[in-house]
Amino acid sequence: MGRPAFAAARRHGIEPTLSCDVVSLGTGDLFTQTRMGLAFQRWADTEAVNLGGGDPTAVSVTAHDALRWSTVNAADAVGMADRIGSLTPGKQADVIVTGGPGLSQHPRLDPAGTLVFQTTPADVRHVLVAGRFAKRDGRLTGADLPTLLTQADTCAERVLSRIAASAGPLPGTPPQGWDAVIAASAELHRAAPPSNRVRT
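Residues numbered from 1 in each chain as written. Predicted model: local features only at pLDDT ≥ 70, side-chain atom pairs only at ≥ 80, totals over all residues. Heavy atoms only, no water.

Let us look at the nonpolar core. Formed by Phe6, Leu18, Leu38, Phe40, Val61, Ala63, Ala66, Trp69, Ala112 and Val116, the largest nonpolar core amounts to 10 residues. Those elements that place two or more of their residues in this core are α2 (30-51), α3 (63-69) and α5 (111-117). Looking at which element gives the most residues to this core, the answer is α3, with three residues. When residues no more than four places from it in sequence are discounted, the contact partners of Val61 are Leu38, Gln41, Arg42, Asp45, Ala66 and Trp69. (Core = buried A, V, L, I, M, F, W, Y, C linked by side-chain atoms within 4.5 Å. Buried < 20%, exposed > 50% of the residue type's maximum accessible area, 1.4 Å probe, protein only. Helix = DSSP H or I, 4+ residues; strand = E, 2+ residues; numbered from the N terminus. Contact = heavy atoms within 4.5 Å.)

Next up, the structure:
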């Protein structure tokens, strides 16, 4: 839904980051988000050359650059670069280990390139959070996945049923799009007592 803000971030001296805001519509898999983000940025950086009939001769953003979007840049953006974001002595041991026999993981020529361009969640072998296994040998630890999946389906049905019962169909996008939402939010902010206002 529009251009990622990489160029705007650069103009303001901000290191780009990635997130997954609406996983009901787009995957929460950051490998895919990174791959899509990198593809977009390379397209944006070479669009003028391509439209002029030329061929780009160099990449503008590397796979290693893109990995920073969801690691060190993300940690810095949330003010936690001293604790997470890189494998550094003294930081929290949050680690993802990928690999295995899958074709996407071979041949091993460039680790960053393999992670960004080839790796999927199925290739994640281990996940450690604060030094404790959350996934080991390809399986979640301390979680019953079939039960969790059933609960997710049941919860979704309940939420949608409550919405349908209480308000009918969800409204569509207002004619003015986000401008209307921003204007309405600003009006609510002005009308709120000073003690309840959110600083912006």
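A sheet is described by the order of its strands in space; here four strands give the open sequence β1-β2-β3-β4, paired in antiparallel fashion. Either end of the sheet is taken by a strand with one partner, and the two such strands are β1 (95-98) and β4 (139-140). One ladder, built from two bridges, connects strand β3 (residues 132-136) with β4; its direction is antiparallel. Along β4, the bridge assignment pairs Arg136 with Arg139. (Pairing = 2+ DSSP bridges.)

Applying the stated criterion to the full structure yields two salt bridges. Taking the shortest distance from any N to any O, the salt bridge between Asp45 and Arg10 comes out at 3.9 Å. Separated by 35 residues along the polypeptide, Asp45 in helix α2 and Arg10 in helix α1 (residues 6-11) bring together distant segments of the chain. Here Arg190 and Glu187 are joined by a salt bridge, their closest N and O atoms 2.7 Å apart. A residue pair is termed a helical-turn pair when its members lie 3 or 4 positions apart in one helix, as Arg190 and Glu187 do in helix α7 (residues 178-191) at three residues. Classification of Glu187 as partly exposed rests on a relative accessible area of 44%. (Salt bridge = Lys/Arg side-chain N within 4 Å of Asp/Glu carboxyl O.)

In this section: the layout of surface pockets. Estimates place the volume of the largest pocket at around 1100 Å³. Taken together, 32 residues line the largest pocket, and the ones lying closest to its centre are Ser70, Thr71, Asp94, Val95 and Ile96. Elements supplying a minimum of two residues to the lining of the largest pocket: α2, α3, α4 (72-77), β1 and β2 (124-129). Considered class by class, the residues forming the lining of the largest pocket number 19 nonpolar, nine polar and four charged. (1 Å grid on protein atoms, 1.4 Å probe; cavity = no way out; pocket = protein on both sides within 12 Å on 5 of 7 lines; lining within 4 Å. Points joined across faces, edges and corners; volume = space filled by probe spheres on them. Nonpolar A, V, L, I, M, F, W, Y, C, P; charged D, E, K, R; others polar.)

As a further point, take unusual backbone geometry. In this model, His106 is joined to Pro107 through a cis peptide bond whose omega is -5 degrees. Among the structural elements, Pro107 can be located in the loop between β1 and α5. In the Ramachandran plot, Ala130 falls in the positive-phi region, its phi being about 55 degrees despite a non-glycine side chain. Tracing the sequence through the fold places Ala130 in the loop between β2 and β3. Here Asp137, not a glycine, exhibits a phi torsion of approximately 55 degrees, which is positive. Within the secondary structure, Asp137 is located in the loop between β3 and β4. The class of Asp137 is exposed, set by a relative accessible area of 54%.

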